[in-house]
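Observations on the model geometry
Each chain, written out:
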Amino acid sequence: MTNDWESVALESLIEPGRGISYGIVQPGSPVSGGVPIVRVGDVRNGRIATSDPLRVAPAIEASYSRTRLSGGELLLTLVGTVGETAVVPESLKGWNTARAVAVIPVRKDVGAYWVQMALRAPGVRAIIDSRLNTTVQATLNLGDVAQLPIVLPPLREREAIAHILGTLDDKIELNRRMNETLEAMARTLFKSWFVDFDPVRAKAEGRDPCLPKPLADLFPDSFEDSELGEIPNGWEVGTLADVAALNPESWSKVTRPATINYVDLSNTKWGRIESVTTHTRQDAPSRAQRVLRSGDTVVGTVRPGNGSYAFVTEERLTGSTGFAVLRPQRHEYREYVYIAATTAENIEELAHLADGAAYPAVRPEVVAATVSIQPPDFVLTSFAKTAGPLLARIAASDRESRTLAALRDTLLPKLISGELRIKPRGRNP
């Protein structure tokens with residue numbers, strides 16, 4: 001793998017007294033207030049999703065104290081999407097993992113982040129792929145994990161490489177956190193205006209709506225009855241189909257482009273298109289048929305509770321037929337349609353409506369039939385003027401993060417292999 005650097009088996013880099021283990025085999029039914037565990041789907045793109053963990057009974061978790069997390073371990077997925085890694089933050093101390101996730105307690109003098117980078121190297125990835133048991137579902141055995149080769153340059157070079165790659169990872173993580181905040185701001189505004197009707201309620205009660213007067217004047221000062229209960233006077237109850245077209249464009253054999261930039265459900269998660277795969281017309285999946293335009297909202301109809309939804313901000317993309325594509329009838333409706341279609345309550349409702357034990361799904365028409373409040377256009381225009389820049393900033397950060405990730409993935413194999421050598425920091429010329 002390298003010209004002169006040592007490469008050792010992963011098992012030789014483990015903390016004394018601990019081993020590489022997998023987590024809880026039979027977690028049982030979810031227990032409110034139980035011990036949270038990390039499942040295979042929670043480990044993605046180098047981080048651990050913690051928003052909705054499975055919680056297991058403390059008595060069951062106690063039987064798997066060997067994989068109880070203390071922070072600083074490296075997690076490696078073993079089943080299904082094999083090879084995803086993440087370093088456990090201190091905040092997850094006391095959590096555990098599921099059977100499909102290996103806990104690797106790396107020695108502190110080596111560091112979990114270094115092993116994570118080494119496992120991303122193409123040579124190691126090829127070894128992992130060659131060891132997979134694919135009889136039923138792709139599975140990697142712990143015995144093979146223990147023998148994976150980890151390159152060990154001298155400490156000063158290791159630190160220099162980790163500094164470069166870590167700086168890129170840190171910026172990507174910073175962008176992700178900023179985007180979470182920006183999206184939360186847009187959703188908070190949506191809830192205030194279109195769910196809680198705060199400006200209307202304040203005016204109806206004689207209170208200051210805390211908005212600039214031109215904006216406050218857009219809202220009525222009274223309510224009227226509707227099938228949903230009280231709504232602002234003059235507003236209506238409708239569905240997303242009233243403001244957006246469903247699946248408006250699909251490729252035909254004649255219009256299908258020579259190159260397909262494909263967006264699938266698996267790489268679209270919780271508001272983000274994480275990656276786009278490029279295919280030739282002949283090699284593209286048969287599902288690659290939905291034409292996507294900037295401003296569209298896509299919502300996964302298969303297992304909708306998995307959160308395969310996003311706001312499209314690029315042109316020349318093609319979506320899976322597993323998406324319901326909502327194209328706003330007017331430019332000013334874009335942000336409203338996206339947030340209305342993807343509230344936590346609506347995603348949960350779609351998951352509840354999904355039919356089919358092995359392949360639970362809803363029809364696209366069910367997504368378009370989402371009930372929504374229909375404010376006047378001048379209110380939606382004002383909402384777009386506020387929420388639009390927030391979503392635009394998110395899109396810009398996502399593009400920057402994809403560029404940084406591509407740079408990191410280009411540099412990583414060259415640095416890890418020693419093809420590209422760097423001078424360690426602090427060394428005198």
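What counts and how
- Residues numbered from 1 in each chain as written.
- Predicted model: local features only at pLDDT ≥ 70, side-chain atom pairs only at ≥ 80, totals over all residues.
- Heavy atoms only, no water.
- Pairing = 2+ DSSP bridges.
- Helix = DSSP H or I, 4+ residues; strand = E, 2+ residues; numbered from the N terminus.
- Axes fitted to C-alpha atoms, helices over the stretch in contact; angles between N-to-C directions.
- Buried < 20%, exposed > 50% of the residue type's maximum accessible area, 1.4 Å probe, protein only.
- Salt bridge = Lys/Arg side-chain N within 4 Å of Asp/Glu carboxyl O.
- Phe/Tyr/Trp six-rings, centres within 6.5 Å; stacked < 30°, edge-to-face > 60°.
- Lys NZ or Arg CZ within 6 Å of the ring centre and 35° of its normal.
- Parallel < 35°, antiparallel > 145°, perpendicular 65-115°, else oblique.
- Contact = heavy atoms within 4.5 Å.
- Nonpolar A, V, L, I, M, F, W, Y, C, P; charged D, E, K, R; others polar.

Points about the sheet that holds strand 20 (residues 288-292)
Overall, mixed pairing links the four strands, which are arranged 19-16-23-20 in an open sheet. Every other strand in the sheet has two partners, leaving strand 19 (277-280) and strand 20 as the edge strands with one partner each. The sheet shows a mean angle of 45° between the axes of neighbouring strands, direction not considered. Pairing between strand 16 (residues 259-263) and strand 19: four bridges, direction antiparallel. Paired with threonine 259 across the bridge in strand 19 is threonine 280.

Focus: the pairing of strand 7 (residues 74-77)
Side chains Leu74 and Leu76 project from strand 7 onto one buried face, and the interleaved Leu75 and Thr77 project onto a second face that is buried too. Here strand 7 pairs with strand 8 (residues 85-87) via three bridges, running antiparallel. Across the sheet, leucine 75 pairs through a bridge with alanine 86, a residue of strand 8. The pairing of strand 7 with strand 10 (residues 101-104) spans four bridges and is classified as antiparallel. When the bridges of strand 10 are listed, leucine 76 appears paired with alanine 102.

Regarding the pairing of strand 24 (residues 323-328)
Judged by how many residues are buried, strand 24 sits mostly within the fold: six of six residues are covered. Sheet topology note: the strand 15 (residues 244-246)/strand 24 ladder contains three bridges and is antiparallel. Across the sheet, alanine 245 pairs through a bridge with arginine 327, a residue of strand 24. Bridge analysis of strand 21 (residues 297-300) against strand 24 gives four bridges, and the strand direction is antiparallel. Bridge pairing in strand 24 places valine 298 opposite valine 325.

Quick notes on the pattern of salt bridges
Throughout the structure, instances matching the rule amount to 32 salt bridges. Between aspartate 217 and lysine 213 there is a salt bridge; the shortest N-O distance is 2.9 Å. Of the residues examined, aspartate 217 reaches a relative accessible area of 47% and is grouped as partly exposed. Of the residues examined, lysine 213 reaches a relative accessible area of 60% and is grouped as exposed. We note a salt bridge from glutamate 249 to arginine 293, for which the minimum N-O separation is 2.9 Å. With a gap of 44 residues between them, glutamate 249 in the loop between strand 15 and strand 16 and arginine 293 in the loop between strand 20 and strand 21 connect regions that are remote in the sequence. The partly exposed category is assigned to glutamate 249, whose relative accessible area is 25%. Salt bridges linked by common partners bring Glu15, Arg18, Glu73 and Lys108 together as one network.

What about the packing of aromatic side chains?
A complete count under the given rule lists 15 aromatic pairs for this structure. Here the aromatic rings of phenylalanine 197 and tryptophan 235 are separated by 6.1 Å at their centres, their planes lie at 85°, and the arrangement is edge-to-face. Placement of the pair is phenylalanine 197 in the loop between helix 5 (155-194) and helix 6 (198-204) and tryptophan 235 in the loop between strand 13 (231-232) and strand 14 (236-239), with a sequence separation of 38 residues. Like phenylalanine 197, the residue tryptophan 235 is buried in the burial classification. Every member of this aromatic cluster is reached through a ring pair, and the members are Phe190, Trp193, Phe194, Phe197, Phe219, Phe223, Trp235, Tyr336 and Phe383. Note that arginine 66 overlies the ring of tyrosine 22, its terminal NZ or CZ placed 5.4 Å from the centroid. Of note, arginine 99 hangs over the ring of tyrosine 22, and the distance from its end group to the ring centre comes to 4.1 Å.

Examining the packing of helix 5 against helix 8 (residues 334-341)
Between helix 5 and helix 8, the shortest axis-to-axis distance is 11 Å and the interhelical angle comes to 90°. On the basis of the axis angle, helix 5 is roughly perpendicular to helix 8. Residues Glu183, Ala186, Arg187, Phe190 and Phe194 of helix 5 lie in contact with helix 8, whose contacting residues are Tyr336, Tyr338, Ile339 and Ala340. Classifying every residue of the contact of helix 5 with helix 8 by side-chain character gives seven nonpolar, no polar and two charged.

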